[in-house]
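Here is what each chain is made of, one letter per residue.
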Amino acid sequence: MSGVRLSGVTKDFGTVSVIPSLDLDISEGEFVVIVGPSGCGKSTTLRMIAGLEPVTSGSIFIAGKDVTWAPPKQRDIAMVFQSYALYPHMNVAGNMSFALRLARTPREEVRSRVQRAAEMLELTDYLDRRPRDLSGGQRQRVAMGRAIVRDAYCFLFDEPLSNLDAKLRSAMRTELAILHKKLDRTMIYVTHDQIEAMTMADRIVIMDRGIVQQIGSPRDVYNAPVNRFVAGFIGSPAMNFLDGEIIGGDTPAVAGDGFNLKLSGRQAEAARSHRNHRVTIGLRPEHFNVSGAGGTEASVFAPIELEVQVAEYIGSSQFIAARIRDVPITASIEVGPDSAPLKSGEYQFDTSRIYLFDRESGEAIARP
Amino acid sequence: MQRLGPYFFILPAVAIMATGLLYPVIQAFYLSFFDWKIGTDLEDAPWVGFRHFIRMATDADVLESITVTLRFGFWTITIEMLLGVALALLLEKPIRGASLFRTVFILPLMISPVVVGLIWRYLFDARIGWINYYLGYLGIEPQVWLGDADLAFFAIVFTDIWQWTPFIFIIVIAGLQALPSEVLEASKIDGANWWQHILFVKLPMIRSILVIALLLRLIDVFRALEVMYILTGGGPGRATELLSLHIYNRAFDTQQLGYASAISVLLILIVFSLSFAILVIGNPMKDKADV
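Only a predicted model underlies this, so the values are computations on that prediction, with no experimental measurement involved. (Residues numbered from 1 in each chain as written. Chains lettered and ligands numbered in written order. Predicted model: local features only at pLDDT ≥ 70, side-chain atom pairs only at ≥ 80, totals over all residues.)

Caption draft 1: Molecular detail of the overall build of chain B. The secondary structure content of chain B amounts to 14 helices and zero strands. The secondary structure elements of chain B, listed N-terminal to C-terminal, are α-α-α-α-α-α-α-α-α-α-α-α-α-α. For chain B, buried positions account for 29% of its 291 residues. Partitioning the contacts of chain B with sequence separation of at least 6, the portion at a separation of at least 24 is 68%. (Helix = DSSP H or I, 4+ residues; strand = E, 2+ residues; numbered from the N terminus. Buried ≥ 20, exposed ≤ 12 C-beta atoms within 10 Å, placed from the backbone. Contact = placed C-beta atoms within 7 Å.)

Caption draft 2: Representation of the sheet that holds strand 4 (residues 57-62) of chain A in the model. Residue and element names in this part refer to chain A. Here we have four strands laid out as an open sheet, ordered 2-1-4-5, and antiparallel in their pairing. Since the sheet does not close on itself, it has two edges, and those belong to strand 2 (16-26) and strand 5 (65-66), each with one partner. Bridge count for strand 4 against strand 5 is two bridges, and the pairing is antiparallel. Within strand 5, the position partnered with Phe61 by the bridge is Asp66. (Pairing = 2+ DSSP bridges.)

Caption draft 3: Summary view of the interface of chain A and chain B. Of the residues lining the interface, 20 residues belong to chain A; the matching set on chain B comes to 18 residues. Partitioning the side of chain A that touches chain B into residue classes produces 16 nonpolar, two polar and two charged. (Nonpolar A, V, L, I, M, F, W, Y, C, P; charged D, E, K, R; others polar.)

Caption draft 4: Representation of the environment of B:Phe222. Within the secondary structure layout, B:Phe222 lies in helix 11 (residues 207-223). Measuring from C-alpha to C-alpha, the distance between B:Phe222 and B:Ile268 comes to 9.4 Å, with 46 residues separating the pair along the chain.

Caption draft 5: Structural detail: the sheet that holds strand 10 (residues 211-216) of chain A. Residue and element names in this part refer to chain A. Read from one edge of the open sheet, six strands run 6-7-8-3-9-10, paired in mixed fashion. Each having just a single partner strand, strand 6 (77-80) and strand 10 make up the two edges of the open sheet. Along the sheet, successive strands turn relative to each other by an average axial angle of 15°, direction set aside. (Axes fitted to C-alpha atoms, helices over the stretch in contact; angles between N-to-C directions.)

Caption draft 6: Region of the structure containing the packing of helix 3 (residues 107-120) of chain A against helix 4 (residues 136-150) of chain A. All names here are of chain A. Two elements in contact, helix 3 and helix 4, have axes separated by 9 Å at closest approach and are oriented at 135°. As summarised for this structure, helix 3 and helix 4 are arranged oblique, according to the angle between their axes. The interaxial crossing formed by helix 3 with helix 4 has right-handed handedness. From helix 3, Arg113, Val114, Ala117, Ala118 and Met120 reach across to helix 4, where they touch Gly145, Ile148 and Val149. Its residues assigned to classes, the contact of helix 3 with helix 4 comprises six nonpolar, one polar and one charged. (Parallel < 35°, antiparallel > 145°, perpendicular 65-115°, else oblique. Left-handed = near helix turned anticlockwise from the far one by under 90°.)

Caption draft 7: How the structure looks around the confidence of the model for chain B. Across chain B, pLDDT averages 85, with 96% of residues at or above 70. Overall fold confidence (pTM) sits at 0.81, and the ipTM for the predicted complex is 0.81. (pLDDT = per-residue confidence, 0-100.)

Caption draft 8: Structural context of the packing of helix 11 of chain B against helix 14 (residues 257-281) of chain B. Residues and elements named next belong to chain B. Running from N to C, helix 11 and helix 14 cross one another at 175°; their axes reach a closest spacing of 9 Å. When the interaxial angle is binned, helix 11 and helix 14 end up roughly antiparallel. The residues of helix 14 that touch helix 11, namely those facing Val211, Ile212, Leu215, Leu218, Ile219, Phe222 and Arg223, are Leu267, Ile270, Val271, Leu274, Ser275, Ala277, Ile278 and Ile281. Residues belonging to the contact of helix 11 with helix 14 are distributed by class as follows: 13 nonpolar, one polar and one charged.

Caption draft 9: Geometry of the pairing of strand 12 (residues 253-256) of chain A. Residues and elements named next belong to chain A. When strand 11 (residues 240-247) meets strand 12, the two strands line up antiparallel, connected through three bridges. Paired with Ile246 across the two strands is Val254, which belongs to strand 12. Where strand 12 and strand 13 (residues 259-262) come together, four bridges link them in antiparallel fashion. Across the sheet, the residue bridging to Gly256 is Phe259, located in strand 13.

Caption draft 10: Main features of unusual backbone geometry. All names here are of chain A. A cis amide bond links Ser236 with the next residue in sequence, Pro237, at an omega value of -5°. By secondary structure assignment, the location of Pro237 is in the loop between helix 8 (228-233) and strand 11. You will see that Asp184, though not glycine, has its phi angle at about 55°, which is positive. Classification of Asp184 by C-beta neighbours within 10 Å gives exposed; the count is 10. Residues other than glycine seldom take positive phi values, yet Arg209 does so here, at roughly 50°. One can find Arg209 in the loop between strand 9 (203-208) and strand 10.

Caption draft 11: Examining the environment of A:Phe301 more closely. Residue and element names in this part refer to chain A. With respect to the secondary-structure elements, Phe301 resides in strand 16 (residues 301-313). Between the C-alpha atoms of Phe301 and Tyr347, which are 46 residues apart in sequence, the distance is 9.5 Å. Aside from chain neighbours lying at most four places away, what touches Phe301 is Gly292, Gln348, Phe349 and Asp350.

Structural data, given as structure tokens:
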């Protein structure tokens, strides 16, 4: 019995139920990212694990110990906050060693642990500086350092990268992944950024309105989303959705206003058992192309008419903002760096990559 | 015109400041060079140069009133700071009734010092005062509160604490509530217990606010007049004669307006240095660089 376990955890704020019921099993050493739109309860979940927010009911176990009502300091956790939350009146070394000093760790050990963490994070030149004399990225590292020095059982991250600029963010993402390998500790990371989730997580927990929608590896949640919400949330740019219907008998197709795509393979199989079903069709932007060439062995291309409004040049591919009748469509099309801006007309879609969802419930009917 | 424009717009404010604030200061300084009595023409007053200042430097009475002021300041400010900070820490949490208590608690601050003096003069009265009356229930003999040097000093210290602790309280509670919650949470995660949380995180983070409150109180101590004037008049003897009360007594009891002005100049210098210290030490912007 180890790792972090939430069992039947609920949380109400007054009369508002933020988390109706949550079960989560995180193994020791795992890097789990909880992702979801703002207000989905992901931060509240993390704060309950940290002990900063009491649960309304249910239990939390860390390393097999019931810590539901234990204060934060008895939970053997370290946490990195979105605002970094550094102590402004202490220098970098002071910030990093605060927890150890409170725990009356021998001075020599404090020094060596701070030194080791500082080296890992390239902070050795800044140990005497106050947080206000550091850049955003450096402060972020200090916040990480403060957590690393603790050598806690579990590390909690509350959107730690969201205050950094794009370039620094992607660099820190990589470093965090490396850090996880080095430290080999359980890490729970909360973010609204699905790219962070995809790049770092062993497993992703996708939440919406306090309810876990899906738990799975990045590959799973991308390829096999259980419902329309997960499909729309994971993937960048986001998946396009079109309302349509399954038509045809033994050679089924999905059709709607301005499109008609013949199905094959798995999708056709699923469609045969859902004749005349009203569905939402999910098309990922990266599965459009111009020529109908490429793809995998399973690829079957079908023509689809796009009315292009803007084509954004980003090097080897172009992002196009288009429409099918009134429905906005984004597509990311690889055409090489020298091609002219893409225009309206017939494009190809790889129908082996179509997702089908029940229009009412949003549940997945078919996937690639 | 472009360069003069800004000056033009601050001119009214500067003019009011100059007439309202600067003029009396300059006038006090000017007066300190004359030996002037009320009811005589200032033109006839004899010029004495720096003689008042020289006399002041060796005047045991002035020295004594400065000592009384510092002693008064030490006891009042120390106790007010401790009490005010402690109460702010206790009432900072949104517990039931805290907001009512907060409002009641700052009432003394809103009462005019003259009224405070009158209220406490009756409370401390040896024959009809409530304090002696209730002490009687505890079997304590009636005390001549305002007639004994030590008791009178205690009385003015007590009254000042009663009136000014709320001032520290509201400043500190405002400072505490402005602290970033994530930093406080971080210290809980780092394992700080209740008093470590206060001593190592909260108080250091409101350090500049504490320094400002302290210096403001120090300035007030040097300016304090009304309560002492009404409560004890500086007596018995000179036991409660603070510097500003001493100046007042010199000017209007003993009719030494020129000499009193010279002591006022000293007072201005003291208060000015303290105010300057506020700006240098306690600059509230210094620690606020977005952390």
